[in-house]
Structure formats: structure tokens, C-alpha cells
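Topology and contacts: notes
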Amino acid sequence: MIIRYKDTKHFTKSQVQELFQSVNWISANYPDRLLTAFKNCETVYSAWDNEKLVGIVNAVDDGALTAFVPYLCVNPSYQGKGIGKELLNMIKEKYKDYLYIELIAENEGLIKYYKSNGFNCLDTSFVCCIKKNDLK
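The numbers attached to residues start from 1 for each chain and follow its sequence in the written order. Given that the model is predicted, a residue must reach a pLDDT of at least 70 before its local features are reported, and side-chain atom pairs must reach 80 or more before they are shown or counted; all residues, however, enter totals for whole chains, interfaces and linings. As a rule here, side-chain values come from all non-hydrogen atoms in the structure, and water together with hydrogens is ignored.

Some thoughts on the packing of aromatic side chains
The cut-off we apply is this: For Phe, Tyr and Trp, rings pair up if their centres lie within 6.5 Å, where Trp contributes its six-membered ring, and each pair is then called stacked (planes under 30 degrees apart), edge-to-face (over 60) or tilted (otherwise). Helical segments are the DSSP runs of H or I of at least four residues, strand segments are the runs of E of at least two, and each set is numbered from the N terminus. We call a residue buried when its accessible area falls under 20% of the maximum for its residue type, exposed when it is over 50%, and partly exposed in between, using a 1.4 Å probe and counting protein chains only. Charge-over-ring contacts are defined here by two conditions on Lys NZ or Arg CZ: a distance within 6 Å of the ring centre and an angle within 35 degrees of the ring normal.
The full count for this structure, using the stated rule, is 9 aromatic pairs. The interplanar angle of 90 degrees and the centroid separation of 6.0 Å between the aromatic rings of F11 and F38 together place this pair among those described as edge-to-face. Remark: F38 occurs in helix α2 (residues 31–40) and F11 occurs in the loop between β1 (3–6) and α1 (13–22); sequence separation between them is 27 residues. Like F38, F11 is buried. Members of the aromatic cluster, connected to one another through ring pairs, are F11, F20, W25, F38 and Y71. Lying over the aromatic face of W48, K6 brings its terminal NZ or CZ to 4.7 Å of the ring centre. In this arrangement the basic side chain of K39 is found over the ring face of F11, its NZ or CZ atom lying 5.1 Å from the centre.

Spelled out as C-alpha cells, the structure:
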């Protein structure tokens, strides 16, 4: 298996939806919005096994100080092969001169994973959001 990494937004709605369904993320229920979200991001890197989208990461930045990573998603069949690490390395390289690269780790396993990739949890910060359970 050879994984190719791309700096492109050339993927289909169904490819993104299939990837997000593989990890059971609610975003997969909104494929049009999901595709729009990626198309509107400053930075999108993807991982491919031939024509199959197997991983993706994106970032939104302010152009100077802070980049926020909304999604890092790797198909479970491809996890443990360094794909997520490579995608994060691409983000870290692009934003190496920024003050912050921020992301949200939603559970202990992800906290451990992100820490192993150079991220730290800030003791003085808390994640705050408004979450809608159903979008129209």
C-alpha cells in the first residue's frame, strides 16, 4: 500500500462523506456542508490509497498568529500507519511560524495521540461551543 499525500481540494462529496462515515462523525450526515467547509478552508491536506480518500486534515487561520484545525480524520482501516501523523506534520510545517496551532481533543485517547505529535493541553483553556444536534 502506497499512500499519496495531496495539497488539494479536489475530492468529491461522496469521498468525504464516506471517510467521515467510517469514523461515525455526525458531519457525515451533512455531505454538502462538509464539502463546502473543506472548499472554504485555507489549508486542506489529504491522504489517498489509489483513488480512495483515507485521511484528511484542514486548518483555518488568521494569516499571522493562529491556525485552528477543525478536522483530522483517518479511516479506521488505515489508522496506526502514520497517516494522521503525516497530515499533522504537514499542518505543523505550514504554520511553523505561527504563535498557535489549535485543535480540540474530545477524549483521553485523542489527548494522548495529539501529545505524542507535539501538542500540549493548556491548563488555562476550556473548549466552549454551541452545538446543534440537527442542521437543516
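Details of the pattern of salt bridges
If the charged atoms of two oppositely charged side chains come close together, the side chains can form a pair. What counts is decided by this rule: Salt bridges are defined by distance alone: a side-chain nitrogen of Lys or Arg within 4 Å of a carboxyl oxygen of Asp or Glu.
Considering all chains together, one arrives at 4 salt bridges under this definition. The salt bridge partner of K94 is E42, with a shortest N-O separation of 3.8 Å. Here K94, found in helix α3 (residues 83–94), pairs with E42, found in the loop between α2 and β2 (43–49); they are 52 residues apart in sequence, far enough to count as distant.

Some thoughts on the nonpolar core
For clarity, the threshold we go by: The set of buried Ala, Val, Leu, Ile, Met, Phe, Trp, Tyr and Cys residues whose side-chain atoms join them within 4.5 Å is what this entry labels a nonpolar core. Should any heavy atoms of two residues lie within 4.5 Å, those residues are considered in contact.
By size, the foremost hydrophobic cluster in this structure holds 19 residues, and its most contacted members are V57, I83, L87 and I91. Listing elements by their share of this core, those giving two or more residues are β2, β3 (52–61), β4 (66–69), β5 (72–74) and α3. Examining the composition of this core, we find that 5 residues originate from one element, α3, more than from any other. Other than its neighbours up to four places away in sequence, I83 contacts I3, Y5, A47, V54, V74 and Y78. Formed by 16 residues, the second largest nonpolar core is a distinct cluster that contains L19, F20, V44 and C73.

Overview of α2
What counts, and what does not: In this description, one arc is meant: the one made by directions from the helix axis to the C-beta atoms.
Of all the residues in α2, the buried ones are P31, L34, L35 and F38. The arc that holds the buried residues of α2, viewed along the axis, is 95 degrees, so those residues lie on one side. Where the residues of α2 are buried, they touch α1, β2 and β3.

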